[in-house]
Amino acid sequence: MADVSRRLFLRHLRGTPTTWVRLGVGGRVRRAGVGLSFWYRPLNAVLSEVPVDDRELPLLFHARTGDFADITVQATVTYRVADPARAADRLDFSIDPRTGKARSRPLDQMATLLAELAQQPALDLLARMPLAEALTTVAPVREAVATALGDEPRLAELGVAVVSARVVAIRPEPELERALQTPTREAVQVNADRATYARRAQAVEQERSIAENELQNKIELARREQQLVEQHGANSRRRAELDAAAELAAAQGKAEREKVANAAAAERARVLAAAEAEKERALTAARADGVRVVGHAEAEAEAAKLAAYAELPPEVLRALTVREIAGRLPQIGQLTVTPDVVTDLLARLAGPAATR
């Protein structure tokens, strides 16, 4: 919208680069163009302002396919006013010369016309298509709309040029759309389940591989542990054999040493025994000689004594016997002699003599 400012009884208009402005006075065009700036008198001035920039017109309309299915078409039309003078002649683009505000809504009329012109070829084309084809073939609808708008004479009369036409989406009713999406959804779900099962199978296979690897590792560790135990046993057995051999060698050495020592001790004992026996024989012989000499002497003395006793009378012999007996009796401190003792003693003493 142009900028209108007031100076006393005059007005000043300053346009924009995308706005075409025309000033008419007395039925004649005084100024017309884009980006103008001028003074004018509001009492006799007629102003028209036409935007010449590109504008987007969103469209949303319902259509019916050849199999009587209701669908919704979402499209966008880009247009611009190529001939603003013709558009200002056909539509009311006038503005208030005092305030610069538009007196009507010509762009709405233009948008309504574009929407109707764009819907008609789309409706005709979709009415000849089944639902599945209508939902999957967007390009023919777009081309039909663009061709129809480009060849429309009424747009040329209004000075409107269509820049582009785009069909954003073609969608059925929600229930029908869900029904149509069900096979695809199920197929996708089947693929997802297949992928899930494949992933699970792969995971199971990997777990099995891992379990087998762990089992193989355990078997290998057990085998190595068995080898280690066997090696330990062999080492222990070898160590025991070596220890036994060492102990045997030590025992044999000790036995040899003990044998030598025993032999030496036996020889020494034999020598000592022989010497002792020889000494004992010598002592025995000496003792025997002594005993023999003593016995011979005692025998000779006893023989001499007996020879002397043989020449003695019996009374002397009895006296000597009594003396000998008395010498062999223990020492008597006190002696009590009773008549019985004396009588018995005398009887014993007198007995042999009386007998003889």
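Everything below is about the structure shown above.
Fair warning: this is a prediction, and the values are worked out from it, not measured in the lab. (Residues numbered from 1 in each chain as written. Predicted model: local features only at pLDDT ≥ 70, side-chain atom pairs only at ≥ 80, totals over all residues. Heavy atoms only, no water.)

**Student:** Mind laying out the overall build of the protein chain, listing which residues take part and the relevant values?
**Tutor:** When helices and strands are counted, the protein chain shows eight helices and 10 strands. Radius of gyration (C-alpha) of the protein chain: 81 Å, far over the 21 Å computed for a compact globule of 356 residues. Counting only C-alpha atoms, the protein chain reaches 230 × 60 × 55 Å along its principal axes. Within the protein chain, the proportion of its 356 residues that are buried is 21%. Across the protein chain, the fraction of contacts at a sequence separation of at least 24, relative to all contacts at a separation of at least 6, is 63%. Accessible area for the protein chain stands at about 25100 Å²; split by element, carbon and sulfur atoms hold 57% of it. Of the side-chain charges in the protein chain, 50 are positive and 49 negative, and the distance between the mean point of each set is 12 Å. (Helix = DSSP H or I, 4+ residues; strand = E, 2+ residues; numbered from the N terminus. Rg over C-alpha atoms; globule rule 2.2 N^0.38 Å. Buried < 20%, exposed > 50% of the residue type's maximum accessible area, 1.4 Å probe, protein only. Contact = heavy atoms within 4.5 Å. Areas by Shrake-Rupley, 256 points an atom, 1.4 Å probe, with all protein chains shown as cover. Lys, Arg positive; Asp, Glu negative; His and termini not counted. Charge placed at Lys NZ, Arg CZ, Asp CG, Glu CD.)

**Student:** Requested: an account of the sheet that holds strand β4 (residues 28-34), with residues and values cited.
**Tutor:** One open sheet holds the four strands; their spatial order is β4-β3-β6-β9, and the pairing between them is antiparallel. Edge strands, defined here as strands with exactly one partner in the open sheet, are β4 and β9 (94-95). In this sheet, strand β6 (residues 45-51) lies alongside strand β3 (residues 19-25) in antiparallel orientation, the contact comprising seven bridges. Across the sheet, Thr 19 pairs through a bridge with Pro 51, a residue of β6. (Pairing = 2+ DSSP bridges.)

**Student:** Could you give an account of the pairing of strand β7 (residues 55-64), with specific residues and numbers?
**Tutor:** As defined by bridge partners, β7 adjoins strand β8 (residues 70-81) across 10 bridges and the pair is classed as antiparallel. Bridge pairing in β8 links Leu 59 to Ala 75. With antiparallel pairing between neighbouring strands as the criterion, β7 and β8 make up a hairpin whose turn holds five residues, including Phe 68 at a positive phi of roughly 60°.

**Student:** Which residues make up the nonpolar core, and what values go with them?
**Tutor:** Counting residues in each nonpolar core, the largest one holds 39 residues, and the members touching the most others are Leu 59, Leu 126, Val 141 and Leu 149. Looking at this core, the elements with two or more residues in it are β7, β8, α1 (84-90), α2 (106-127), α3 (131-136), α4 (139-150), α5 (153-158) and β10 (160-172). Here this core takes 10 residues from α2, the largest share from any one element. Setting aside chain neighbours within four positions, we find Val 141 in contact with Ala 122, Leu 125, Leu 126, Val 167 and Ile 170. (Core = buried A, V, L, I, M, F, W, Y, C linked by side-chain atoms within 4.5 Å.)

**Student:** Which residues make up the side chain of Arg 22, and what values do they have?
**Tutor:** Secondary-structure assignment places Arg 22 in strand β3. Arg 22 gets classed as buried once you look at its relative accessible area, which sits at 17%. In this structure, Arg 22 is in contact with Val 29, Arg 31, Ala 32, Val 46, Leu 47, Ser 48, Ala 85, Ala 88 and Asp 89, ignoring residues within four places of it in sequence.

**Student:** Requested: an account of the sheet that holds strand β1 (residues 3-7), with residues and values cited.
**Tutor:** Strand order in the open sheet formed by three strands is β1-β2-β5, with antiparallel pairing between adjacent strands. The sheet is open, and its two edges are formed by β1 and β5 (37-40), each paired on a single side. Between one strand axis and the next, the sheet turns by 20° as a mean value, whatever way the strands run. The pairing of β1 with strand β2 (residues 10-14) spans five bridges and is antiparallel. Within β2, the position partnered with Ser 5 by the bridge is His 12. (Axes fitted to C-alpha atoms, helices over the stretch in contact; angles between N-to-C directions.)

**Student:** Summarise the pattern of salt bridges; cite the residues concerned and give the values.
**Tutor:** Applying the stated criterion to the full structure yields 15 salt bridges. With a closest N to O distance of 3.0 Å, Glu 152 and Arg 154 form a salt bridge. One connected set of salt bridges, linked through shared partners, spans Glu 205, Arg 208 and Glu 212. (Salt bridge = Lys/Arg side-chain N within 4 Å of Asp/Glu carboxyl O.)

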